[in-house]
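This is what each chain is made of:
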Amino acid sequence: AEYMGVGVRLGIFAQPMRTLCRFLTTRPPVAPTIRIPGVKYVVGVTSAKGGVGKSTTAVNLAVSLRLLGASVGLVDADLHGPSIPRMMNLNAAPQVTADNRLIPLENHGVKVMSMGFLMEQDKALIWRGPMIQKALWQLFMEVSWGQTDVLVVDFPPGTGDAHLTMIQRVPLSGVLVVSTPQDVALNDARRGAAMFKQLNVPVLGIVQNMSVFVCPHCKSSTHIFGSDGARNTAKELGLDLLADIPLHPEICETSDQGKPICITQSGSEIAKKYRELAQEVLSRLEKVEDSTVKIVVE
C-alpha cells in the first residue's frame, strides 16, 4: 500500500493500515501559512540526517548573508537538540516587548531565537506533538523580528511532525539540503528532498559538507566520507550543488567557541565558500515569485 507516496508494508495489519491510510489521506486541508511580520524570505537548512554539519552550515550561511549586507534572523527549530546558542555564543533569556513578543538575541549582526534560550542547558525537552507545534509557532510568530531580509531556519534531523508543522504554517521560500558524500547520509538526504518537493517547497540546492580532508602537514587529500556523493546525488535529483565544504578542524573549533569561521577567518578559502553559498542563495531567492507554500495532499 502507499501513503503520501511512501510504500507501507502491511502484512497481518493490512486492514487496520488501509483504514488508517484512508483516514489520513482524507483529512481536512491544513491551516494556511501566515507570513511572518517584517520577514521577506524564509530559508530552511535541512539534512534529514544528524551529524552532517547542518547547524554549522546554517550558522555560517546566516553570518555570510549578514556580511553581504542582508538583515538576517536565525531560528533554531531543533527543539530537542538546540545547538545554535553555543555556536552563536548566546545564552541569555530573551526580553519581552510591551505586546508580549520575544526579542531575539543578537550576535555577529544576526538575530537569533532558540528554545535553548528558554530552558536549562542540560535539561531534556520531553514534549508531545501538540506542544512541539505550539513552541515552533512561538519561535516564528511570537518573536519581534523587525525588518528581516532572510530568516534562516535550522531544521531538526528527520522528516517528522516538526517538519510538517513548519511546512504547513511557515511561508518557506525554499530549503537547502546538507549532506556528506557518504551513502548512508545521502539516503536520508534524498528522502528529505523528496518530502519538500512533494509538499511544493522549492529545493534551492544541495550543500556537500565534509567533502575532503587536507592534511595540514603533508597537504595530501583524503576523502573520508567518499568522493562526490552529494554532487552525483544532486545531478540524479535534478538539483544544483551550491557548495562543496571541506572537513576542517577549525570549522569545528570555531563553532564550539561561538565564533563562526566566516567571522574569525573571513579571508580564508572556507569563508569564501560560505560567502559564495550565501550569494547563490540570495540570487535564487530573488527568482522565487511566490514564497507562500501551498500544501497539496493527494
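**Considerations on the confidence of the model for the protein chain**
- For the protein chain, per-residue confidence averages 84 on the pLDDT scale, and 86% of positions sit at 70 or higher.
- Low pLDDT, under 50, characterises residues 1-10; the predicted model gives this stretch 17 contacts beyond four residues in sequence or across chains.
- Here residues 290-298 scores under 50 on pLDDT; set against residues more than four positions off or in separate chains, the count is 27 contacts.

**Focus: the sheet that holds strand β12 (residues 241-244)**
- Read from one edge to the other, the open sheet built from eight strands follows the order β5-β6-β4-β7-β3-β8-β9-β12, with strand pairing classed as mixed. Each end of this open sheet is capped by a strand with a single partner; those strands are β5 (105-107) and β12. Averaged over all neighbouring strand pairs, the angle between strand axes comes to 25 degrees, with direction disregarded.
- Where strand β3 (residues 39-46) and strand β8 (residues 174-179) come together, four bridges link them in parallel fashion. If you follow V43 over to β8, its bridge partner there is G174.
- Packed onto the sheet, helix α4 (residues 129-141) meets β4 (72-76), β6 (110-114) and β7 (148-154) and runs at close to 170 degrees relative to β4.
- Its contacts with the sheet place helix α10 (residues 269-286) against β3, β7, β8, β9 (203-208) and β12, and it is angled at close to 165 degrees to β12.

**Describing helix α8 (residues 249-256)**
- Taken together, the buried positions of α8 are I251, T254 and S255. Taken around the axis of α8, the buried residues stretch over an arc of 100 degrees, which confines them to a single face.
- Turning to α8, the residues buried within the fold contact α2 (54-67), α3 (84-87), α9 (261-264) and α10.
- At the C-terminal side of α8, G258 shows a positive phi close to 75 degrees.

**What to know about the pairing of β4**
- Where burial is concerned, most of β4 is hidden: five out of the five residues are buried.
- Where burial is concerned, the two faces of β4 agree: the one with V72, L74 and D76 and the one with G73 and V75 are both buried.
- The pairing of β4 with β6 spans five bridges and is parallel. Bridge pairing in β6 links L74 to V112.

**Describing the environment of V63**
- Looking at where V63 falls in the secondary structure, it is placed in helix α2.
- For V63 and H108, which are 45 residues apart along the polypeptide, the C-alpha to C-alpha distance reads 6.8 Å.
- For V63, the residues in contact, after removing those within four places along its chain, are M88, H108, V110, P260, C262 and I263.

**Focus on the packing of α2 against α10**
- At a minimum axis separation of 8 Å, α2 and α10 run at an interaxial angle of 75 degrees. Classified by the interaxial angle, the pair formed by α2 and α10 is roughly perpendicular. Mapping the contact onto sequence places T56, T57, N60, L61, S64 and L65 in α2 and Y274, R275, L277, A278, V281 and L282 in α10.
- Residue composition of the contact of α2 with α10, by class: seven nonpolar, four polar and one charged.

**Regarding the pattern of salt bridges**
- A complete count under the given rule lists nine salt bridges for this structure.
- For the salt bridge of R231 with D228, the shortest nitrogen-to-oxygen distance reads 3.3 Å.
- By relative accessible area, D228 is classed as partly exposed at 32%.
- D244 is paired through a salt bridge with R231; the nearest N and O atoms lie 3.1 Å apart.

About the thresholds
Residues numbered from 1 in each chain as written. Predicted model: local features only at pLDDT ≥ 70, side-chain atom pairs only at ≥ 80, totals over all residues. Heavy atoms only, no water. pLDDT = per-residue confidence, 0-100. Contact = heavy atoms within 4.5 Å. Pairing = 2+ DSSP bridges. Helix = DSSP H or I, 4+ residues; strand = E, 2+ residues; numbered from the N terminus. Axes fitted to C-alpha atoms, helices over the stretch in contact; angles between N-to-C directions. Buried < 20%, exposed > 50% of the residue type's maximum accessible area, 1.4 Å probe, protein only. Arc of directions from axis to C-beta. Parallel < 35°, antiparallel > 145°, perpendicular 65-115°, else oblique. Nonpolar A, V, L, I, M, F, W, Y, C, P; charged D, E, K, R; others polar. Salt bridge = Lys/Arg side-chain N within 4 Å of Asp/Glu carboxyl O.

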